Amino acid sequence: MSDGLDWPALMRAGMQGLRLTPDAFWALTPAELQVMLGDPGKSAPLLSNGLEALMAAWPDKAPDAAPEGSAT
């Protein structure tokens, strides 16, 4: 029975999967590592319809055009 973290698996995921250096791995908090690894039970890939909804909600603004003949 083990209630702790599976350190060998986390180390493999961090150092082999994410290619973190040991120093970078050990500097992370468990919450930061979880964000980097993702939470397969709660996150799904962003599909095209999700991207379209996101783009509609947060459209890019076109940069202001410089007047003709002016140097930028």
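Residues numbered from 1 in each chain as written. Predicted model: local features only at pLDDT ≥ 70, side-chain atom pairs only at ≥ 80, totals over all residues. Heavy atoms only, no water.

1. A few points about the overall build of the protein chain
And step 1. Within the protein chain, the secondary structure is distributed over four helices and zero strands.
And step 2. Listed by position from the N terminus, the elements making up the protein chain come as α-α-α-α.
And step 3. Here the protein chain holds 72 residues, and the buried ones make up 6% of them.
And step 4. Entry remark: accessible area of the protein chain is about 6,600 Å², with carbon and sulfur atoms responsible for 60%. (Helix = DSSP H or I, 4+ residues; strand = E, 2+ residues; numbered from the N terminus. Buried < 20%, exposed > 50% of the residue type's maximum accessible area, 1.4 Å probe, protein only. Areas by Shrake-Rupley, 256 points an atom, 1.4 Å probe, with all protein chains shown as cover.)

2. Here we look at the packing of aromatic side chains
And step 1. Summed over all chains, the structure comprises two aromatic pairs.
And step 2. Three or more aromatic residues joined by ring pairs form one cluster here, namely Trp 7, Phe 25 and Trp 26. (Phe/Tyr/Trp six-rings, centres within 6.5 Å; stacked < 30°, edge-to-face > 60°.)

3. Some words on unusual backbone geometry
And step 1. Of note in the backbone geometry, Arg 19 takes a positive phi value of approximately 60° without being a glycine.
And step 2. Within the secondary structure, Arg 19 is located in the loop between helix H1 (7-17) and helix H2 (22-27).
And step 3. On the basis of relative accessible area, Arg 19 is assigned to the exposed category, the value being 72%.

4. Topic: the layout of surface pockets
And step 1. Taken as a whole, the largest pocket spans an internal volume of roughly 180 Å³.
And step 2. Lining the largest pocket, in full, are Leu 5, Trp 7, Leu 10, Phe 25, Trp 26, Leu 28, Thr 29, Pro 30, Leu 33, Gln 34, Leu 37 and Gly 38.
And step 3. Mapped onto the lining of the largest pocket, the elements with two or more residues apiece are H1, H2 and helix H3 (30-37).
And step 4. Ranked by the residues each element gives to the lining of the largest pocket, the list is headed by H3, at four residues. (1 Å grid on protein atoms, 1.4 Å probe; cavity = no way out; pocket = protein on both sides within 12 Å on 5 of 7 lines; lining within 4 Å. Points joined across faces, edges and corners; volume = space filled by probe spheres on them.)

5. Looking at a nonpolar patch on the surface
And step 1. On the surface, a cluster of nonpolar side chains totalling about 400 Å² of accessible area is made up of Leu 5, Trp 7, Met 11 and Trp 26.
And step 2. A relative accessible area of 36% means that Trp 7 is categorised as partly exposed. (Patch = residues over 30% accessible without salt bridge, like charges linked within 9 Å, V, L, I, M, F, W, Y side chains within 5 Å. Salt bridge = Lys/Arg side-chain N within 4 Å of Asp/Glu carboxyl O.)

6. Some thoughts on the environment of Trp 7
And step 1. Along the polypeptide, Trp 7 turns up in helix H1.
And step 2. Ignoring sequence-local partners within four residues, the contact set of Trp 7 consists of Phe 25 and Trp 26. (Contact = heavy atoms within 4.5 Å.)

7. Topic: the confidence of the model for the protein chain
And step 1. A residue-level look at the protein chain finds 69% of positions with pLDDT of 70 or above and a mean pLDDT of 79.
And step 2. By mean pLDDT, the top-scoring element of the protein chain is H2 (95), and the lowest-scoring one is helix H4 (residues 48-57) (79). (pLDDT = per-residue confidence, 0-100.)

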